[in-house]
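Structural description and commentary
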Amino acid sequence: MELEKFYYDNRIARAFAFATILWAIVGMLVGVIIAFQLAEPALNLGVAQTTFGRLRPLHTNAVIFAFVGNGIFTAVYYSFPRLLKARMFSDTLNWIHFWGWQLIIVLAALTLVMGITTSKEYAELEWPIDILITIIWVIFGINMLGTIFKRRERHLYVGIWFFLAGWVTVAMLHLVNSFAIPVTLFKSYSWYAGVQDALVQWWYGHNAVAFFLTTPYLGLMYYFVPKAANRPVYSYRLSIIHFWSLIFLYIWAGPHHLLYTALPDWAQSLGTVFSIMLILPSWGGMLNGLFTLRGAWDKVREDPVLKFFVVALTCYGMATIEGPLLSLKNVNSYSHYTDWTVAHVHVGALGWNGFLTFGMLYWLIPRLYKTKLHSVKLASTHFWIGTLGIILYAVPMYWSGFKQSLMWKDFTPEGQLTYSFMDSVQSVLPFYLLRAIGGTVYLAGAILMVYNLYKTTKAGTFVSEVEVEAAPLSKQYVAPANAHWHSWVERKPIQLLVFSLIVVGIGGIVELVPTFLVKSNVPTIASVKPYTPLELQGRDIYIREGCYTCHSQMIRPFRDEVARYGDYSKAGEFVYDHPFQWGSKRTGPDLARQGGKNPNSWHFNHLLDPQSTSPGSVMPRYPWLFKKDLNNTSLPKKIKAMQTLGVPYEKGYESIAQFDLDKQANMIAEDLKANKIEISSKKEIIAVIAYLQRLGTDIKAER
Amino acid sequence: MKFINYLESISGVGIFPMISLLTFFSFFTLCIIYVIKADAKSMDEMKNIPLDLEDNKNK
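Residues numbered from 1 in each chain as written. Chains lettered and ligands numbered in written order. Predicted model: local features only at pLDDT ≥ 70, side-chain atom pairs only at ≥ 80, totals over all residues. Heavy atoms only, no water.

**A short note on the overall build of chain A**
From N to C terminus, chain A includes 25 helices and four strands. The C-alpha radius of gyration of chain A comes to 26 Å, within 12% of the 27 Å expected for a compact globule of 703 residues. For chain A, the C-alpha atoms occupy an extent of roughly 90 × 50 × 45 Å along the three principal directions. Across the 703 residues in chain A, those meeting the buried criterion constitute 65%. Within chain A, counting contacts between residues at least 6 apart in sequence, those at least 24 apart form 84% of the total. For chain A, the accessible area works out to roughly 25400 Å², and carbon and sulfur atoms hold 66% of it. Positive and negative charge centroids in chain A, built from 61 and 46 side chains respectively, lie 7 Å apart. (Helix = DSSP H or I, 4+ residues; strand = E, 2+ residues; numbered from the N terminus. Rg over C-alpha atoms; globule rule 2.2 N^0.38 Å. Buried < 20%, exposed > 50% of the residue type's maximum accessible area, 1.4 Å probe, protein only. Contact = heavy atoms within 4.5 Å. Areas by Shrake-Rupley, 256 points an atom, 1.4 Å probe, with all protein chains shown as cover. Lys, Arg positive; Asp, Glu negative; His and termini not counted. Charge placed at Lys NZ, Arg CZ, Asp CG, Glu CD.)

Below you can see the structure in the form of structure tokens.
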């Protein structure tokens, strides 16, 4: 058959590679800053935009969607043309995708710092940005599928399956989890409430890890590890099992983020069982990657690219055995809400995602510039510095995680809690400092890489188009006699896509449907009432300031938690919580039963200067809450939105809500005045106090 | 809190775990049967897809 001549476009792969490098530095830098803030609260600077609660979502979003996201796209735009023997479907779509994604990142950074957030972890962006993400994601999909349709290679390589499954699942997760009712351009309320919101969020949250940070990166691994080692993957059979079992199992594991919470028992158990089963495909994949290097270990000693890949795969193995262990209820009862989780995710992010990306870049950039890497020695130095950074980061976090947990759960022989929460905060501070240093070391390594790659680009000349020749596909495919049904799937992208969607859909449906069917059966507690307008406004400020990044609102049914925080949380208490605020980390104490524990004046002083009421606290100060007037212009709209979501405010309440708000605000201001604190009832702090004083009191009243 | 109490109010909720178990079992059985039966030559071909064209050309 006659060969066709065509060109690979290296420009788009280069653009995404540079974007990955840029956002890696930004994301890690923000991470280092917030790590130091935890060790030294003065570094929050007393400014809203630089406070931990707003910067932490910026860090997670930058690392996940900007750094890793652009890493995924680099791999796709480099490997797709080569695996399919075709130029990408459309140059125009390439660039719409590229600039659209960078625009999303910039908008995300701006809005998060401004406090515009939905408070759903890793899905904090507000609805207009969510829509933009959907559009760009669809364009990315069209571009991938379009390329597949005009391919010159009959079979779709396994790497492509991972990219496609990641794409289709992220689309599903994003759509379901972002369901919200817009109030204004920058404010929306989650469609779901309480228990259901939590389940949907962690179904999303866990699978964002699975199908954004893992599945596409496995696609990257299946392409670049064989390329760098210059030998095919160890076992193609294993990769097929790896693919199907991984995407089948992952989607079910979400509820393991909610063990011992008010989430239904059966859903928790489901999450645990599937998490344990996940060890098999994960380790199958890791071994497949490592065994690819069999007989090439001498190369690993010299080639920094392979060194990065080996440690990345090892970290993948460690994170994927640790994850299932953390999903066991008995382990989780210790690990949850502590720094242990933070250590776990960073082994994955720094080791797996970070090192795989670095390895890819060190391999890719010299090839794009048709030259050799500027300095192999410097790259090896980066490797060692990076590894040291991971260890310096992870070990202190494990240590502080264990320490927190053991201190929280300790009782004296008389049956009293041995340690106050503040004792535990104080005892982990040195580890926070060490962790911040570890992060800095890791960042320093990445900066070495930037220099090294910059020098490489200067030494070579960029190859924007690569000429290649390949035969087109014949119209009629004659299957070999012994062909199997699966090879049919392997040749047909749409079938593969639909199959993958069904496979991941089953898990989602079985998990979510029962919880929604029983909506009316969540045992309602008669005394649980909707928030007053002032409390609702205070709650929105709580969300805006990212309080959930450090405070949980979910007391688990353990002796120590009940002794420390009060009666354990019930599913029925959260029926009006759009969105839920259970949180996932206790850098500060749980707030689920905060209402009535301290007087209004205490909260006033505490938010103005936490160290004044709680010596040794690492909480930032919130001086702007005392200066800014509460903005009530959207209050009627908020009440109406809540009514639409089924919150039983009486009809027409939106028109008198302001009156009720003023009344309650004046009461709080007067109470403060009686305690010698003069402040206008119009300030934001009044609403925050109202909300904090309400937390968990509905059930107390019943007793 | 035992959710099972109110789960019971969905008629025939027992079908959920049954369906999951059966889907899994059949899915993985099929997957493994395929992988075992798959043709070694075509496996090798697919395995080598990434190591094509550019590399060969440059040699």
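**What to know about the side chain of Arg564 of chain A**
Residue and element names in this part refer to chain A. Looking at the secondary structure, you find Arg564 in helix H19 (residues 559-565). The buried charged residue Arg564 lacks any salt bridge, with Asp560 as its nearest oppositely charged partner at 5.1 Å. A distance of 2.9 Å separates a polar side-chain atom of Arg564 from the backbone oxygen of Trp408. Setting aside anything within four residues of it in sequence, one finds Arg564 in contact with Met407, Trp408, Leu417, Tyr419, Ser420, Phe421 and Lys597. (Salt bridge = Lys/Arg side-chain N within 4 Å of Asp/Glu carboxyl O. Polar contact = N/O pair within 3.5 Å; in protein donor to acceptor, adjacent residues only side chain to side chain.)

**Focus on the nonpolar core**
Residues and elements named next belong to chain A. Membership of the largest hydrophobic core comes to 189 residues, with the highest contact counts inside it found for Trp101, Phe224, Trp244 and Phe358. Among the elements that line this core, the one with the most residues is helix H6 (residues 194-229), at 22 residues. With 48 residues, the next largest nonpolar core counts Ile181, Leu625, Tyr649 and Ile679 among its residues. (Core = buried A, V, L, I, M, F, W, Y, C linked by side-chain atoms within 4.5 Å.)

**Some points on the state of the cysteines**
Residue and element names in this part refer to chain A. The final tally for this structure, using the stated rule, is zero disulfides over all chains. Considering cysteine sulfurs only, Cys550 is the nearest to Cys547, which forms no disulfide, with 8.8 Å between them. Taking the relative accessible area as the measure of exposure, Cys547 reaches 19% and is therefore buried. For Cys550, a relative accessible area of 14% puts it in the buried group. (Disulfide = S-S within 2.5 Å.)

**Description of a nonpolar patch on the surface**
All names here are of chain A. A cluster of nonpolar side chains, namely Tyr234, Trp283, Leu287, Phe291, Ile321 and Leu325, defines an oily patch on the protein surface of about 480 Å² accessible area. Mapped onto the nonpolar patch, the elements with two or more residues apiece are helix H9 (279-291) and helix H11 (304-327). Tallying contributions element by element places H9 first for the nonpolar patch, with three residues. Examined against the element boundaries, Leu287 turns out to sit in helix H9. Judged by relative accessible area, which is 33%, Leu287 ranks as partly exposed. (Patch = residues over 30% accessible without salt bridge, like charges linked within 9 Å, V, L, I, M, F, W, Y side chains within 5 Å.)

**Remarks on the pairing of strand S2 (residues 180-184) of chain A**
Residues and elements named next belong to chain A. Looking at chain direction, S2 and strand S3 (residues 187-190) are connected through four bridges and run antiparallel. Bridging across to S3, Pro182 finds its partner in Ser188. Here S2 folds back onto S3, and the loop between the two strands holds two residues. (Pairing = 2+ DSSP bridges.)

**Regarding the packing of aromatic side chains**
All names here are of chain A. Counted under the stated rule, the structure contains 57 aromatic pairs over all chains. Where Phe6 meets Tyr8, the ring centres are 5.8 Å apart and the plane angle is 70 degrees; that geometry is what we call edge-to-face. Tyr8 shares its class with Phe6; the two are buried. Considering the side-chain rings of Tyr316 and Trp352, the 4.4 Å spacing of their centres and the 25 degrees angle between planes classify their relative orientation as stacked. In this pair, Tyr316 is assigned in helix H11 and Trp352 in helix H13 (residues 339-368), connecting sequence segments 36 residues apart. Look at Tyr316 and you get buried, because its relative accessible area is 3%. An aromatic cluster is built from Phe16, Phe65, Phe73, Tyr77, Trp95, Phe98, Trp99, Trp101, Trp137, Phe140 and Phe212, whose rings are joined through pairwise contacts. (Phe/Tyr/Trp six-rings, centres within 6.5 Å; stacked < 30°, edge-to-face > 60°.)

**Notes on the confidence of the model for chain B**
All names here are of chain B. When the pLDDT values of chain B are averaged, the result is 70; 59% of them are 70 or greater. Looking over chain B, one finds the lowest element-wise mean pLDDT in helix H1 (residues 4-7), namely 44, and the highest in helix H3 (residues 40-47), namely 86. Counted against residues more than four places away or in other chains, residues 1-8, with its pLDDT under 50, gives 16 contacts. Model confidence for the complex is summarised by a pTM of 0.92, with the ipTM given as 0.76. (pLDDT = per-residue confidence, 0-100.)

**Some remarks on helix H24 (residues 684-694) of chain A**
Residue and element names in this part refer to chain A. Counting buried positions along H24 gives eleven out of eleven residues, so the element sits mostly inside the fold. All of the buried residues along H24 are Glu684, Ile685, Ile686, Ala687, Val688, Ile689, Ala690, Tyr691, Leu692, Gln693 and Arg694. Immediately beyond the C-terminal end of H24, within one or two residues, lies Gly696, with a positive phi of roughly 75 degrees.

**Quick word on the packing of helix H22 (residues 635-644) of chain A against helix H23 (residues 653-674) of chain A**
Residue and element names in this part refer to chain A. For the pair H22 and H23, the least separation of the axes is 8 Å and the interaxial angle reads 125 degrees. Judged on the interaxial angle alone, H23 and H22 are oblique. Considering the relative orientation of H22 and H23, their crossing is right-handed. Facing Leu635, Pro636, Ile639, Lys640 and Gln643 of H22, the residues of H23 in contact are Tyr653, Glu654, Ala657, Gln658 and Leu661. Tallied by class, the residues present in the contact of H22 with H23 amount to six nonpolar, two polar and two charged. (Axes fitted to C-alpha atoms, helices over the stretch in contact; angles between N-to-C directions. Parallel < 35°, antiparallel > 145°, perpendicular 65-115°, else oblique. Left-handed = near helix turned anticlockwise from the far one by under 90°. Nonpolar A, V, L, I, M, F, W, Y, C, P; charged D, E, K, R; others polar.)

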